[in-house]
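Summary of structural features
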Amino acid sequence: MHFRLILFIIVLLPNSNYAQGYQESFNSVYQKFKITPINKEISKEDKTELQELEKLMDFLNSFTNQENKLNGGVHFGFSGDETEIRNLFTLNAGINLDYGNYPYQLDFTTSIQTIVNNGVFQENVSNIDISFDYSHVNTGNGIWLENYILLKRFGDNYLGINQRYETGMGFIFNYRSKSLTPKGEKIAVELNRKPVLNSNGEDLIICYEEICKRSNNQKKLSREECETIGLTRKVYGNANRKKYNKLRLALLLGAFYEIDQSIAQNNLMINGKDSLISATFPTQTFLRWELRPTIEYRPNDILKIKLHPYIKFPLGSNNQVEVRYEDLVDRRDDYFIDLRTSIKAQVTSKISFGMEYRYLYDNAPNRVFLTEGFATPQLLLAQQEHHIYMMKFGFNF
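Remember, predicted model here, so these are calculated numbers, not experimental data.

**Description of the overall build of the chain**
- From N to C terminus, the chain includes 6 helices and 17 strands.
- Within the chain, the proportion of its 397 residues that are buried is 44%.
- Here the contacts in the chain between residues at least 6 apart in sequence split such that 67% fall between residues at least 24 apart.
- As presented, the chain carries roughly 21600 Å² of accessible surface, and 56% of it is formed by carbon and sulfur atoms.

Below, the structure written as C-alpha cells:
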C-alpha cells in the first residue's frame, strides 16, 4: 500500500519542468549573448549600457550554475562521563546533502547518536530524511506556498522504536521577511542593478531597441529572450530572499503513511522488586497527519536560531486508542510530539558550531496488560518521553 501512496504523492505534486525550463532557456540566451561580439562602431555610451547588461547576465549565470551544484556538510560531537566502575560516552554524527534552493530543493539528511557503555556500542537515536520541496513561482510572491514529499526513517531505543518509516506529502505556508542578512543585501543590490538607459518601466530592459537598430548591433535580444532574463532574475530574487531572510514564520500541514516496529519496556514490581520487563509488538501501519509551526531567526550571516515542533495525529475521526483485558481498559488520546530547537553559528564559510535540543513525547505508546507472574494484571507501558541534547561541530562543502 505504501508504494501506491508514494506514486499518488508524486502524481499530485507539480513537476520541476518549470525550474529546468528557465535554466535551459537562460543558458541558451546567455551563450548566444556571450559569443556575439559588440559592433566596433557602437558609441561609447551604447557600449557602456551593453556592458551593464553583460554584468547582469554574468551574475545570473553564476546563480544558475550554483543551483546545479550539490552542497552539503558533515557534523560530529561527543560527551563523556567516567567513574571507577563505568565509562560512558555519547557520540553523534551526521551528514546532510542538498541540491538546488528555489523553486525546487532536494534534501538528504542522516544522523545517529550512539552510546559507548564500557566499550560496548549501543545505538540510541538514528534518523534518515529525504525530502523534495517545490515552491509555486506564480502563486503570490512566489515564496509563500510550497509542496513537499518525504521519506523518513527514525529509531529511538529509549522510546522502544526499533524502526519507524514515514512517507507522505503536504503543504508549507511561509512568511519570509523582506529584511535580509548582509550577504543577502549584497546580492540584492547586485541583482537590482539596472542598465543606464532603456527600461520597460518595470524590471528589465526589453532590449536596447534604439541602440541595436542604429548601431546594427548583433547582441540584440528578442522580447522572448528578455522575458527569460526577467524570469531568471525573479527566480534569483526569490531564492535570495528564501536563503537569507532574517525571519521566517511557517506552517507545515501534511499527511503520511507510517510503518512502525517497536517494543514496550518499563519497570514493573515483581515480588516486591522493580524488574525491567519487555514486550515485542508486531509491525503496525498507520495513516496520520502532521502539523509543524516553524520559527527561524537569522540576525546576521553568522547566527541562526530555529524552532519547529512536529505534532502528529491519526488520520480519521477516532483520535483515541485503547487496550483491554477483561474489564480493564486503558484509553488515551493518540498524538506524538517531536520538538526540535537549534542554535547554529557559522564561524567561517566552512566551519560551524551548534547546539540542539530535541524533545519526544508519545501520549499513547505501545502497551499491554500482563498477567503471567503477577497477582493482578499489570499495564506495561512503553516510555513516553525522551530529552536529547547535542553539541555539534560542522564542516560544509
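Next, the rest of the story.
**Regarding the pairing of strand 7 (residues 247–270)**
- Across 15 bridges, strand 6 (residues 161–176) lies against strand 7 in antiparallel orientation. Across the sheet, asparagine 174 pairs through a bridge with alanine 250, a residue of strand 7.
- Two strands pair when backbone bridges link them, and strand 7 and strand 9 (residues 284–297) are joined in this way by 14 bridges, in the antiparallel orientation. Within strand 9, the residue paired with glutamate 258 across the bridge is phenylalanine 286.
- Pairing analysis gives 8 bridges linking strand 7 to strand 8 (residues 273–280), with the strands arranged antiparallel. Opposite isoleucine 263, over in strand 8, you have threonine 280 as the bridge partner.
- Counting the residues that bridge the hairpin from strand 7 to strand 8 gives 2 residues, and of these asparagine 271 lies at a positive phi of roughly 55 degrees.

**Remarks on the nonpolar core**
- Ranked by internal contacts, the top residues of the largest apolar core, which has 23 residues, are Met57, Leu60, Leu221 and Tyr236.
- Elements supplying a minimum of two residues to this core: helix 2 (17–35), helix 3 (44–67), helix 4 (182–191) and helix 6 (223–244).
- Ignoring anything within four residues of it in the chain, the contact list for leucine 60 reads Phe26, Leu191, Ile229, Thr232, Arg233 and Tyr236.

**Side note on the confidence of the model for the chain**
- Model confidence for the chain is summarised by a mean pLDDT of 83, while 82% of its residues fall at 70 or above.
- Ranking the elements of the chain by mean pLDDT puts helix 1 (residues 2–12) last, at 46, and strand 10 (residues 303–314) first, at 97.
- In this model residues 1–18 is a low-confidence stretch, pLDDT under 50, and it forms 26 contacts with partners more than four residues away in sequence or in other chains.
- Predicted confidence is poor over residues 196–208, with pLDDT under 50, and the contacts of this stretch with residues over four places away or in other chains come to 37 contacts.

**As for empty space enclosed by the protein**
- As enumerated under the stated definition, the model contains 1 cavity of 30 Å³ or more in all.
- Its boundaries defined by the atoms lining it, the largest cavity holds a volume of some 70 Å³.
- As for the largest cavity, its lining consists of Lys152, Phe154, Arg164, Glu166, Lys312, Phe336, Asp338, Arg340, Arg358 and Leu360.
- Elements supplying a minimum of two residues to the lining of the largest cavity: strand 5 (145–156), strand 6, strand 13 (336–346) and strand 14 (351–362).
- For the lining of the largest cavity, the element with the highest residue contribution is strand 13, accounting for 3 residues.
- Split into classes, the residues belonging to the lining of the largest cavity amount to 3 nonpolar, no polar and 7 charged.

**Some words on the pairing of strand 12 (residues 328–333)**
- Note that strand 11 (residues 320–325) and strand 12 share 6 bridges and pair antiparallel. Bridge pairing in strand 12 links glutamine 320 to aspartate 333.
- Hairpin connection of strand 11 to strand 12: 2 residues between the antiparallel strands, including glutamate 326 at a positive phi of 55 degrees.

**A short note on the pattern of salt bridges**
- All chains considered together, the criterion is met by 19 salt bridges.
- Arginine 164 is the partner of aspartate 260 in a salt bridge, and the nearest nitrogen-oxygen pair spans 2.8 Å. Taken together, the positions of aspartate 260 in strand 7 and arginine 164 in strand 6 put the pair 96 residues apart, joining distant regions of the chain. Here the two residues aspartate 260 and arginine 164 agree in accessibility, since each one is buried.
- Here arginine 332 ties to aspartate 330 by a salt bridge, and the two come within 2.8 Å at their closest N and O atoms.
- Each member of the salt-bridge network shares a partner with another, and the members are Arg164, Glu258, Asp260, Arg288 and Asp334.

**A word on the packing of aromatic side chains**
- Per the stated rule, a full pass over the model turns up 13 aromatic pairs.
- On the numbers, 6.4 Å between centres and 25 degrees between planes, the contact of phenylalanine 171 with phenylalanine 173 is stacked.
- The class of phenylalanine 171 is partly exposed, set by a relative accessible area of 37%.
- A network of ring pairs unites the aromatic residues Phe59, Phe63 and Tyr236 as a single cluster.
- Directly above the ring of tyrosine 310 sits lysine 152, whose terminal nitrogen or CZ lies 4.8 Å from the centroid.
- A cation sits over an aromatic face here: arginine 164 above phenylalanine 336, 5.2 Å from the ring centre.

**Digging into the packing of helix 4 against helix 6**
- Relative to each other, helix 4 and helix 6 sit at 170 degrees, their axes nearing to 9 Å. Considering their axes alone, helix 4 and helix 6 lie roughly antiparallel with respect to each other. Only Arg233, Tyr236, Gly237, Asn240 and Tyr244 of helix 6 make contact with helix 4, whose side of the interface consists of Lys183, Gly184, Ile187, Ala188 and Leu191.

**Regarding the side chain of serine 177**
- Locating serine 177 in the fold gives a position in the loop between strand 6 and helix 4.
- Take serine 177: its relative accessible area is 7%, and that puts it in the buried class.
- A polar side-chain atom of serine 177 sits 3.1 Å from the main-chain carbonyl oxygen of serine 179.
- Ignoring anything within four residues of it in the chain, the contact list for serine 177 reads Arg241, Asn245, Lys246 and Leu247.

**Some points on the environment of lysine 183**
- Along the chain, lysine 183 turns up in helix 4.
- Between the C-alpha atoms of lysine 183 and asparagine 300, which are 117 residues apart in sequence, the distance is 8.5 Å.
- Beyond its immediate sequence surroundings of up to four residues, lysine 183 is in contact with Tyr244 and Asp301.

Calculation notes
- Residues numbered from 1 in each chain as written.
- Predicted model: local features only at pLDDT ≥ 70, side-chain atom pairs only at ≥ 80, totals over all residues.
- Heavy atoms only, no water.
- Helix = DSSP H or I, 4+ residues; strand = E, 2+ residues; numbered from the N terminus.
- Buried < 20%, exposed > 50% of the residue type's maximum accessible area, 1.4 Å probe, protein only.
- Contact = heavy atoms within 4.5 Å.
- Areas by Shrake-Rupley, 256 points an atom, 1.4 Å probe, with all protein chains shown as cover.
- Pairing = 2+ DSSP bridges.
- Core = buried A, V, L, I, M, F, W, Y, C linked by side-chain atoms within 4.5 Å.
- pLDDT = per-residue confidence, 0-100.
- 1 Å grid on protein atoms, 1.4 Å probe; cavity = no way out; pocket = protein on both sides within 12 Å on 5 of 7 lines; lining within 4 Å.
- Points joined across faces, edges and corners; volume = space filled by probe spheres on them.
- Nonpolar A, V, L, I, M, F, W, Y, C, P; charged D, E, K, R; others polar.
- Salt bridge = Lys/Arg side-chain N within 4 Å of Asp/Glu carboxyl O.
- Phe/Tyr/Trp six-rings, centres within 6.5 Å; stacked < 30°, edge-to-face > 60°.
- Lys NZ or Arg CZ within 6 Å of the ring centre and 35° of its normal.
- Axes fitted to C-alpha atoms, helices over the stretch in contact; angles between N-to-C directions.
- Parallel < 35°, antiparallel > 145°, perpendicular 65-115°, else oblique.
- Polar contact = N/O pair within 3.5 Å; in protein donor to acceptor, adjacent residues only side chain to side chain.

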